Amino acid sequence: MEFKVSELEREPIDFDLSLTPGEVDLGEEAEQVGGLAAAGRAEVLHEHRGPKDIVADIRLKGSFSGTFQVPCARCVEPVKLPLQADFDLIFRPAAADSEPTERSITAPETEIGYYLEDSLLLEDVLREQVLLALPVRTLCKPDCKGLCPRCGENRNSTACDCEVGPQDPRWEALAGLRNRVKS
Ligand SMILES: [Zn+2]
Ligand SMILES: [Zn+2]
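Residues numbered from 1 in each chain as written. Chains lettered and ligands numbered in written order. Predicted model: local features only at pLDDT ≥ 70, side-chain atom pairs only at ≥ 80, totals over all residues. Heavy atoms only, no water.

1. Description of the coordination of the zinc ion (ligand 2)
For clarity, the threshold we go by: Shown as donors are all N, O and S atoms within 2.8 Å of a metal ion, widened to 3.2 Å for Na, K and Ca; because water is not in the atom set, sites may appear incomplete. A four-donor site is called tetrahedral if each angle lies between 85 and 135 degrees; a four-donor site is square planar, and a six-donor site octahedral, when trans pairs exceed 155 degrees and the remaining angles lie between 65 and 115; all other cases are labelled irregular. Note on exposure labels: buried denotes an accessible area under 20% of the residue type's maximum, exposed denotes more than 50%, and partly exposed covers the range between, all computed with a 1.4 Å probe on protein chains only.
The coordination sphere of the zinc ion (ligand 2) contains the protein donors Cys148 (SG), Cys151 (SG), Cys160 (SG) and Cys162 (SG), at a distance range of 2.2 to 2.4 Å. Coordination at the zinc ion (ligand 2) is tetrahedral: its four donor atoms span angles of 106 to 114° at the metal. All donors to the zinc ion (ligand 2) come from one chain, and their sequence spacing reads C-x2-C-x8-C-x1-C. Cys160 sits in the partly exposed class, given a relative accessible area of 24%.

2. Things to note about the packing of aromatic side chains
Cut-off, in case you're wondering: Stacked, edge-to-face and tilted are the three classes for Phe, Tyr and Trp ring pairs, Trp counted by its six-membered ring, which pair at centre distances within 6.5 Å; planes under 30 degrees apart are stacked, over 60 edge-to-face, the rest tilted. Counting from the N terminus, the helices are the DSSP runs of H or I reaching at least four residues and the strands are the DSSP runs of E reaching at least two.
For the structure shown, the criterion picks out one aromatic pair. When the centroid spacing of 5.5 Å and the interplanar angle of 50° are considered together, the rings of Phe3 and Phe15 count as tilted. Residue Phe3 is located in strand 1 (residues 2–4), and its partner Phe15 is located in strand 2 (residues 13–19); the two are separated by twelve residues in the primary sequence. Residue class for Phe3 comes out buried when judged on its relative accessible area of 0%. The class for Phe15 is buried, based on a relative accessible area of 4%.

3. Some remarks on the coordination of the zinc ion (ligand 1)
The coordination sphere of the zinc ion (ligand 1) contains the protein donors Cys72 (SG), Cys75 (SG), Cys140 (SG) and Cys144 (SG), at a distance range of 2.3 to 2.4 Å. Bound by four donor atoms, the zinc ion (ligand 1) shows angles of 105 to 114° at the metal and therefore tetrahedral coordination geometry. The motif formed by the donor residues of the zinc ion (ligand 1), counted along the single chain, is C-x2-C-x64-C-x3-C. Taken together, the residues Cys75 in the loop between strand 4 (53–71) and strand 5 (78–93) and Cys140 in the loop between helix 2 (122–133) and helix 3 (169–182) connect sequence positions 65 residues apart. Cys75 sits in the buried class, given a relative accessible area of 2%. Exposure remark for Cys140: the relative accessible area of 34% places this residue in the partly exposed category.

4. A closer look at the side chain of Asn154
What counts, and what does not: Think of a polar contact as two N or O atoms within 3.5 Å of one another; within protein, one of them needs to be a possible hydrogen donor and the other a possible acceptor, and neighboring residues in sequence only count if both atoms come from side chains. Two residues qualify as a contact provided that any one of their heavy atoms is within 4.5 Å of a heavy atom in the partner residue.
Checked against the element boundaries, Asn154 lands in the loop between helix 2 and helix 3. Since its relative accessible area comes to 13%, Asn154 is described here as buried. A polar side-chain atom of Asn154 sits 2.9 Å from the main-chain amide nitrogen of Asn156. In contact with Asn154, other than residues within four places in its own chain, are Cys75, Glu77, Gly146 and Leu147.

5. Some details on unusual backbone geometry
The backbone of Val76 sits at a positive phi, close to 70°, despite the residue not being glycine. For Val76, the location among the structural elements is in the loop between strand 4 and strand 5. By relative accessible area, Val76 is classed as buried at 5%. Even without glycine at this site, Glu117 takes up a positive phi of about 55°. Mapped onto the elements, Glu117 comes out in the loop between strand 6 (111–115) and strand 7 (119–121). Assessed through its relative accessible area of 74%, Glu117 is described here as exposed.

Shown next, in the form of structure tokens:
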């Protein structure tokens, strides 16, 4: 969904939609499971910087909710994560801040982004918001036993006979790599 400044200048646009997997490109970070619901309002805010210097910002306020799948940090098995978050964002035309300075509109609860070519894509905003909402590290269960450092078996499901010392943190990095190669 595209918000054009020229349309928002006439009136704010309310949105309430469900995006199917793939409409928001999450890259390799996560996979969307089922619909991604997004609702809120887009409107123009005018920054009066001087008598003839008015900047049209887009304010996007709303929320999203959906379920995402990410690999367990230890065993790489997919873990389903329900995520929900509110956002209240300001987007400035990319050309307006050739010299980035603090502006009066900067409120603590809002963040400043930029839009290009007079329009803003909801999908781009949602991608960033979903990635921000993802936990840094996800485990399938708090006591996930991870992969055997010797044979690579998932030790939650298979008891192997390897002699294993204390969990080597380097294995988790390898597990992440293995997942990337798989996908
Ligand atoms: Zn796990
Ligand atoms: Zn083993």
